[in-house]
Amino acid sequence: MPAPSARLPLFADRAFQAVTVLAILSVAAFLLQERTGPLWPDALNWLLLTALIGATLTLCRRVQTDPASAPAVRHYWGTVRTGITLFVGVAALRVLIALGAPGWLVAVSVVVHVIGGLVLTWPLVGLPFSARGRARRVGVWLDLGTLTSAAGLLIWHFAASAQFTDGRVTVSRVVSAVVIMGAGLNGVYLAAKVVLAGVDTFARRGLYWIGGSALIGGLGSAISFLHPHQPTGNLLLLVLPLAAFAAAVGARVQVVDTAAAARPRRAPRGYSLMPYVAVAAVDALVLYDNVGPGAGNSLLIDGVAVTLTILVVIRQLIAFRLTDALLARIGVQEARFRLLVQNSTDMVTITDPAGRLTYVSPAARRMLGTDPDDMIGTAVAPWIHRDDRVPAARRLATVIAAPGATVTFQVRVRHAGGGYRWFEVTSANLTGEPSVAGIVSNARDITETREVRDRLSYEASHDRLTGLTNRALFSKRVAAAVTGAGPDTPVGIVLVDLDDFKNINESLGHATGDALLVHVAERLRASVRPADTVARLGGDEFAVLFEGARGADVDQVLTRIMAALLEPAVIDGEPMTVRASFGVADGRGGDDPGEVLRRADIAIHEVKARGEGGIERYRPGMEAHGAERRRRVADLHTAIASGQLVTYFQPVVTLPGGRITGAEALVRWQHPSEGLLGPGAFIEAAEQSGLIVALGAWVLRDATREAATWPGELTVSVNVSARQLRETGFPDLVSAALRDSGLPPHRLTVEITESLAVGGGATAGNLQTLRDLGVRLSLDDFGTGASTLSLLASCPVDQIKLDRSFVPDGGSAAIADAVAQMARAFGLQAVAEGVETAEQAARLTALGYDRAQGFYFARPMNAADLRARLAGGVVTVTP
């Protein structure tokens, strides 16, 4: 709590100093002239009053414009300023009257006077009482009744009854008496209400002076207008300066106390002094009325009554002080408890054994957006999420059944803004405590903690990219499905692997690859039942768990999935279809989950080994095929390391002459036990195991080293796989091979497939780097992939090789002709491969092909045979 600011001195304001001086002068002038008679013209008295009211207006204006004051305070003092301004008009009219103006101005000044009084008193009527609760409000009205009764008696005795001192009763006298009584009682009422006002924005001391101003102005004005016995001078010259001074003090105190800011509030008394003030006033009146001749015994009796009243009052006041001290100590303890509860981060509630809320701490407003009063008296259950009501009721029943017991549980509670918040609730049975008589619960908001925990749990069990179940959760669900099913309940596991996804990822970029994976996940989810589990195991591997579905049903679903994946979809602006391989394992309840997963893995490897996609169901004996593949990979690793690989070369010749211009390097494996093996026996194993990179590097180095021994400008062509071309260091490998062998870069041709040519990222960068080295690039198997004009326009190649499937063999030569024309249009060299007959060679020559290779010209041969042919001067192949 901040320390209270220092209070400004009351008389530090020049305007207030002026008001004080002018008020003293006005009152002194009135009293002096009452004893001596008029000493100067009456107009000077009213001018002095005008100056006093003007200075008071300055103080009112400062409160009205004080930015530190509350809006309600500024508005009130704006109204006061308006009312006081009207009294400036009253004083001005009185000056004119004193200077000889017409007498009817007196009536005008009275009307303005009354209007100004109404303007000043009206805002006080709206001030609320500070009393809270019905009993306290009744007490306040009783106090007001006592005070008003006493005040009415005094006003009647000293003011209103003077209208009838001669015993004559007339209508005008009755009206005058009523007005005096009304004005006086209204002033007393307003003064009392200001004292009892519960407006914290107003300075309490200022309210007292405002009440005094209302009492002086109201009662004094009524007496000055209607009392039959008037002083020598105009009584308003005494009433108005005193009322203006009281208003000025109220304005100044408001500014001073507002500047003090966090001033401590005085604790309210547990009783009111007003009725005792009223009793004391009436007793004083009794004594006053009985003093004089003929008082007799009544004076003694009244004196004793007054004495007893005083003694009772003193005793009552002592009892009140003791009560106040006790209540103050209790109040401190209650305030401490209230502050602890109100500032606690937990919400505290008390519930009766029937489940209805009897107390809710203010923290409910912050934590649930609901006023605590709106919750008190309602049942707990409707505030709890319906899924949590039964568990919560069970926990609370346990607590209710055992006094002193405690329990902690988590539950969702409705928020006023919609939705639910998670709470950790600790409930204790304090029904045996009379001050509580209920179940006390401390509720702590754990929504953020739950959200973080749930998010971490979700991320640990789901794939971030697709939102599918990940490998860990899928394995758990497989285990739960297999162990929880009956022995006759089928359980199917399907592993899904996308075909050629690596090429798509490498050629079109990872962003497109990710978008394709999301597309596949959506198609898989849409094709299975809600009860089935779809998972992404990593990379392009997916899995589906079918519970209770027999083999034929699983096959139908997989057929539907294959069809859905083959439907064209636009991925990053490119139409794509997806082909996938499916490995299926059938299990039943009671099987070993790991074994069922192993069977599905064997099946997927079997279908991938075929390279045709489709569905493969596990059959006994498939393990042998897998073992054979693993053995082949191990043998191939040994072959690369121990020099079992051999490079063969197939000549490339000119058309129509048949002159050798170079050769394509083709790898063979001289197996220790199986003899010479072609690439079909081991390339796929090399691709799947990743050995293709090492194998390709070996072929590149051996081919360039051999080609460097060839005469003239004969070239060598080397096939490069996607895995090789994706390696960032591949251009450095080519450069090193050329440097070590001494082969000029233009004599090396790197052959790539069309799918690699359309790639981006590292693939495109490596192709450009090879061109910058001077290495020639060739599109191998042209026509089987994404053969487009845009590809030839954008891809930095020097040569295209017509795939053997398009070499004309008695049928249409449209594709071969189109490829030759495209080559000429783009200034590329066209090479036909797979030429096996003279007729094919002749037709290709006619179409414009100037290079060809195939069995018709020469079969692949080892390096020694090719060197011998070249050394013997045989540079032309004769079929």
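What counts, and at which threshold
Sequence order sets the numbering: in each chain, residues are counted from 1 along the sequence as written. Given that the model is predicted, a residue must reach a pLDDT of at least 70 before its local features are reported, and side-chain atom pairs must reach 80 or more before they are shown or counted; all residues, however, enter totals for whole chains, interfaces and linings. The side-chain values count all of the structure's non-hydrogen atoms but skip hydrogen atoms and water molecules. Segments assigned H or I by DSSP are reported as helices when at least four residues long, segments assigned E as strands when at least two residues long, and all are numbered from the N terminus. Note on classification: 1.4 Å probe, protein chains only; a residue is buried when its accessible area is under 20% of the maximum for its type, exposed when over 50%, partly exposed between these limits. Accessible surface area values rest on a Shrake-Rupley calculation with a 1.4 Å probe, where residue burial reflects the displayed protein chains alone. Helix span is expected to be 1.5 Å times the residue number reduced by one. Here, the arc refers to the directions that run from the helix axis to the C-beta atoms. The axes are straight lines fitted to the C-alpha atoms, using for helices just the contacting stretch, and the angles between their N-to-C directions are given from 0 to 180°. In this scheme, roughly parallel covers angles under 35 degrees and roughly antiparallel covers those over 145, while 65 to 115 is roughly perpendicular and the rest are oblique. Crossing handedness follows the turn of the near helix against the far one: under a right angle anticlockwise gives a left-handed crossing, and clockwise gives a right-handed one. Contacts are residue-level and defined by heavy atoms, with any inter-residue pair within 4.5 Å sufficient. Think of it as three bins: nonpolar holds Ala, Val, Leu, Ile, Met, Phe, Trp, Tyr, Cys and Pro, charged holds Asp, Glu, Lys and Arg, and polar takes everything else, Gly as well. What pLDDT conveys is the predictor's confidence in a given residue, as a value from 0 to 100. In what follows, salt bridge is the name for a side-chain nitrogen of Lys or Arg lying within 4 Å of a carboxyl oxygen of Asp or Glu. Each polar contact in these results corresponds to two N or O atoms within 3.5 Å; when the atoms are within protein, one needs to be able to donate a hydrogen and the other to accept it, and residues that are neighboring in sequence are counted only if both atoms are side-chain atoms. The set of buried Ala, Val, Leu, Ile, Met, Phe, Trp, Tyr and Cys residues whose side-chain atoms join them within 4.5 Å is what this entry labels a nonpolar core.

Participant: Could you clarify how one ought to interpret the overall build of the protein in this entry?
Facilitator: Looking only at helices and strands, the protein has 30 helices and 22 strands in total. The 879 residues of the protein split such that 44% are buried. Entry remark: accessible area of the protein is about 43300 Å², with carbon and sulfur atoms responsible for 60%.

Participant: Looking at this structure, how should I read helix H15 (residues 471–484)?
Facilitator: A turn of α-helix holds 3.6 residues, and therefore any two residues three or four places apart point the same way. End to end, H15 covers 20 Å across 14 residues, agreeing with the expected 20 Å (1.5 Å per residue, within 8%). When H15 is considered as a whole, its buried residues turn out to be Leu473, Phe474, Val478, Ala481 and Val482. The buried residues of H15 occupy an angular sector of 165° when the element is viewed end-on, so they sit on one face. When the buried face of H15 is taken as reference, the exposed residues oriented beyond 90 degrees from it are Lys476, Ala480, Thr483 and Gly484.

Participant: How should I be thinking about the packing of helix H3 (residues 71–98) against helix H8 (residues 236–259) in this particular structure?
Facilitator: Working note: a packed helix pair is described by the angle between its axes plus the distance between those axes. Orientation of H3 relative to H8, taken along the N-to-C sense of each, is 155°, at an axis distance of 12 Å. Between H3 and H8, the interaxial angle falls into the category roughly antiparallel. When you trace H3 past H8, the crossing you get is left-handed. Contacts between H3 and H8 involve Val73, Trp77, Ile84, Phe87 and Arg94 from the first element and Leu236, Leu240, Ala247, Gly250, Ala251 and Gln254 from the second. For the contact of H3 with H8, a count of residues per class yields eight nonpolar, two polar and one charged.

Participant: Would you mind going over the confidence of the model for the protein with me for this structure?
Facilitator: Should pLDDT be low for a region, the predicted coordinates there are not to be read in detail. Here the protein averages 80 in pLDDT, while 76% of its residues score no lower than 70. Confidence, read as mean pLDDT per element, is least for helix H10 (residues 296–342) in the protein (60) and greatest for strand S16 (residues 715–719) (95).

Participant: Help me understand the environment of Gly513 in this model?
Facilitator: Checked against the element boundaries, Gly513 lands in helix H17 (residues 510–527). Leaving out residues up to four positions away in the same chain, Gly513 has contacts with Phe501 and Asn505.

Participant: Quick question: what am I supposed to make of the pattern of salt bridges here?
Facilitator: Side-chain pairing between opposite charges can occur once the charged atoms of the two side chains come close. Enumeration over the complete set of coordinates arrives at 25 salt bridges. Residues Asp702 and Arg705 are paired through a salt bridge, measuring 3.2 Å at the closest nitrogen-oxygen approach. Remark: Arg705 and Asp702 occur in helix H22 (residues 692–707); sequence separation between them is three residues, near one turn of the helix. Classification of Arg705 by relative accessible area gives partly exposed; the value is 48%. Connected through salt bridges with shared partners, the residues Arg631, Arg632, Asp635 and Glu674 form a single ionic network.

Participant: So what exactly am I meant to see when it comes to unusual backbone geometry here?
Facilitator: Note: most peptide bonds trans; most residues except glycine with negative phi. In this structure, Pro656 follows Leu655 across a cis peptide bond, with omega equal to 5°. With respect to the helices, strands and loops of the structure, Pro656 is situated in the loop between strand S13 (645–654) and strand S14 (660–671).

Participant: Whenever I open this one, helix H1 (residues 14–36) confuses me. Can you help?
Facilitator: Between its first and last C-alpha, H1 extends 32 Å over 23 residues, near the 33 Å set by a 1.5 Å rise per residue. By the burial criterion, the buried members of H1 are Ala15, Phe16, Val19, Thr20, Leu22, Ala23, Ser26, Val27, Ala29, Phe30 and Gln33. For H1, the elements touching its buried residues are helix H2 (42–64) and H8. In this structure Asp13 caps H1, since a side-chain oxygen of it lies 2.9 Å from the backbone nitrogen of Ala15.

Participant: I'm lost on the nonpolar core in this one. Help?
Facilitator: Across soluble globular proteins, nonpolar side chains show a tendency to be buried alongside one another. Counting residues in hydrophobic clusters, the biggest one holds 70 residues, and the most contacted among them are Leu748 and Tyr849. A total of seven residues in this core trace back to one element, the largest contributor, which is H22. Not counting residues within four places of it along the chain, the set of residues in contact with Tyr849 comprises Leu655, Leu802, Ala816, Val819, Ala820, Ala830, Val831, Ala832 and Leu844. Formed by 46 residues, the second largest nonpolar core is a distinct cluster that contains Ala23, Ala43, Tyr76 and Leu236.

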